[in-house]
Amino acid sequence: VVMVVELYENGKRAAPGDKPTEDCAWRLGLFCAASTNVNPLIGPSTEVLVHMGGKVTERILRDKEVWRLFAPIFLHGGVVHLVLNMLLLLQIGPRL
């Protein structure tokens, strides 16, 4: 679910009819993935991940955004990251 929200947030930065950009290279309706130059895992841009709670040490220490220690647990860097996590869970899960 979070991956869908990440791609939606990334797609909000450009209108559906706009030409592809580095931050929105692949569009599927309202959802958009950044180019592989920006994110090789086929996912949102770095700005979107930081906006959604990605770990930024300066913000944790200076701005006291302690929630950034836990939010990255739920974020995925891209579709490749999500698929590899699912494959690993399929391999390890039955053995547990």
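Just so you know, these numbers come straight off a predicted model, no measurement behind them.

## Notes on the state of the cysteines
As used here, a disulfide is simply a covalent bond connecting the sulfur atoms of two cysteines.
Part 1 of the reasoning: Evaluated as defined, the whole model comprises one disulfide.
Part 2 of the reasoning: Here Cys-24 connects covalently by a disulfide to Cys-32, the sulfurs 1.8 Å from one another. Residues Cys-24 and Cys-32 are joined through a disulfide that is right-handed, its torsion about the S-S bond being 125°. When sorted by exposure, Cys-24 lands in the same class as Cys-32, which is buried.

## Section: the confidence of the model for the protein chain
Atom-level detail of predicted coordinates should not be read off regions where pLDDT is low.
Part 1 of the reasoning: Overall, the prediction assigns the protein chain a mean pLDDT of 95, with 100% of residues at 70 or greater.
Part 2 of the reasoning: When mean pLDDT is compared element by element in the protein chain, helix α3 (residues 57–62) scores highest at 97, while strand β1 (residues 26–28) scores lowest at 93.

## Some thoughts on the pattern of salt bridges
One side chain can pair with another of opposite charge once the charged atoms of both are near each other.
Part 1 of the reasoning: Tallied over the entire structure, the rule returns four salt bridges.
Part 2 of the reasoning: In this structure, Lys-12 and Glu-9 form a salt bridge, with 3.3 Å as the shortest nitrogen-oxygen distance.
Part 3 of the reasoning: Through salt bridges with shared partners, one network takes in Glu-58, Arg-62 and Asp-63.

What counts and what doesn't
Residues numbered from 1 in each chain as written. Predicted model: local features only at pLDDT ≥ 70, side-chain atom pairs only at ≥ 80, totals over all residues. Heavy atoms only, no water. Disulfide = S-S within 2.5 Å. Buried < 20%, exposed > 50% of the residue type's maximum accessible area, 1.4 Å probe, protein only. pLDDT = per-residue confidence, 0-100. Helix = DSSP H or I, 4+ residues; strand = E, 2+ residues; numbered from the N terminus. Salt bridge = Lys/Arg side-chain N within 4 Å of Asp/Glu carboxyl O.

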